[in-house]
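Chains, contacts and geometry: an overview
Chain by chain, the residues:
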Amino acid sequence: MITGGAGFVGSHLALSFKRDMPHSRVIAVDNLKRRGSELALRRLASGGVEFRHGDIRNPEDLGDAGSLDLLVECSAEPSVQAGLAGGDRYLINTNLVGTINCLDHARRHGAAVVFLSTSRVYPIAALRDLPLVATEMRFVIPEANTGPGWSPRGITENFPLTGSRSLYGATKLCSELIIAEYGALHGLPAVINRCGVMTGPWQMGKVDQGFVAFWAARHLSGGALSYNGFGGAGLQVRDALHVDDLYRLIRDQVAQMPLHSGTTYNVGGGAECSVSLAELTEACVERTGRRVAITSQPETNPVDVPYYVTDNSAVTAATGWRPHRSVTDILDEIFGWLREHRREVEGILW
Ligand SMILES: NC(=O)c1ccc[n+]([C@@H]2O[C@H](COP(=O)([O-])OP(=O)(O)OC[C@H]3O[C@@H](n4cnc5c(N)ncnc54)[C@H](O)[C@@H]3O)[C@@H](O)[C@H]2O)c1
């Protein structure tokens, strides 16, 4: 069962599991809250994935699937800006209460759990305190600078957790704590992946979530863009993980669940697969021949951070996994997808 199974990550995982294990039953549960998730229904059906329209806030919607081997929790309000202007009940009820409903469902049906947590569990102030240097195109951590849980390679699982992290990050961290308790109390097998930015085809990118696909689509459509915060020059940096690289990792974790259960990994594209907004702009101009107007908003959103790059050392040491796709590969694929499916996605992404 993949909850959030019509979303960007969930639909990719559901289709990939079904492709690689054709004799398994794969069920995608989603309430279709995210605009564009409805586009996944046709792909899920043609890939042999069963779709169940359901809301994880309501345990009955998870149904009675009989025995279940695996539940991958991919449903969420995934924007770090959610709840900022009030209206935080949906965020809390989905990302925390709904996740607990999923854990209960897994426990009752004997399933192992893979939980998609986030790099945003790390506190905002501590990430802003990294000794970043502004170069022409991006912020960097200078070589030889290190501190607790960080280095030029990125952020490790040992980065301090004290401080505020956004309601989004808090609901994910609370869920991680509950998962640990369910492991200790009920023996629930579970692995937690704290993911950095993920991207790839079929991401319904918005300003506040899925920025790589959003930036690419805006370069095709000619729509407005803005460098928001941290001086407004687009120097902020994220690593980017192709969703299929995540799938390869989860497939391996699931195959060796006793080894990984109880473990929390930072998972992302890593320093080699990181990009600033300014660099992303140039890559988009190269691929479209079009330079769109980009305004500048120097004020920084209270939950934004200037830099996040995953240090994958722990997950690579434990699994041998490392990301395969580069920023170039990812962008080529996203532009190919946008051009091929323009009619389908332009009402959403353009
Ligand atoms: N995409 C990223 O960069 C990223 C980074 C770190 C972590 N994550 C996490 O990965 C997971 C998947 O993210 P995504 O990028 O696929 O987001 P997404 O918005 O594309 O997918 C989430 C899906 O959950 C569904 N959903 C929302 N509320 C629901 C509810 N109450 N009941 C049932 N379904 C509900 C939405 O309709 C959507 O289809 C999320 O948990 C997110 O927090 C994503």
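Scroll up a little and you will see the structure.
Residues numbered from 1 in each chain as written. Predicted model: local features only at pLDDT ≥ 70, side-chain atom pairs only at ≥ 80, totals over all residues. Heavy atoms only, no water.

Turning our attention to the nonpolar core. Counting 33 residues, the largest nonpolar core has Val9, Leu13, Phe17 and Leu246 as its most contacted members. Among the secondary structure elements, those contributing two or more residues to this core are α1 (8–20), α2 (40–46), β4 (70–73), β5 (112–118), β10 (190–195), α7 (243–255) and β14 (264–267). Counting residues per element, this core draws most heavily on α1, which supplies 6 residues. Beyond its immediate sequence surroundings of up to four residues, Val9 is in contact with Cys74, Leu116, Met198, Val243 and Leu246. In terms of nonpolar packing, the next biggest core, distinct from the first, is built from 30 residues, Tyr227, Ala240, Val292 and Ile330 among them. (Core = buried A, V, L, I, M, F, W, Y, C linked by side-chain atoms within 4.5 Å. Buried < 20%, exposed > 50% of the residue type's maximum accessible area, 1.4 Å probe, protein only. Helix = DSSP H or I, 4+ residues; strand = E, 2+ residues; numbered from the N terminus. Contact = heavy atoms within 4.5 Å.)

This part is about the environment of Asn228. Note on placement: Asn228 falls in strand β12 (residues 225–228). Overall, the relative accessible area of 31% leaves Asn228 in the partly exposed class. Between the C-alpha atoms of Asn228 and Leu277, which are 49 residues apart in sequence, the distance is 9.8 Å. Among residues more than four places away in sequence, those in contact with Asn228 are Val207, Gln236, Gln297, Glu299 and Asp304.

Taken together, 31 residues sit near the ligand, with Asp30, Ser37, Tyr90, Tyr168 and Lys172 positioned nearest. Val9 places a main-chain nitrogen or oxygen 2.8 Å from an oxygen atom of the ligand. Asn31 is positioned with one of its backbone polar atoms (N or O) 3.3 Å from a nitrogen atom of the ligand. Contact with the protein chains hides 97% of the accessible area of the ligand, taken as 820 Å² for the molecule alone. Elements supplying a minimum of two residues to the shell around the ligand: α1, α3 (89–109), β5, α5 (166–186) and β11 (197–199). Tallied by class, residues from the shell around the ligand come to 14 nonpolar, 11 polar and 6 charged. (Near = heavy atom within 4 Å. Polar contact = N/O pair within 3.5 Å; in protein donor to acceptor, adjacent residues only side chain to side chain. Areas by Shrake-Rupley, 256 points an atom, 1.4 Å probe, with all protein chains shown as cover. Nonpolar A, V, L, I, M, F, W, Y, C, P; charged D, E, K, R; others polar.)

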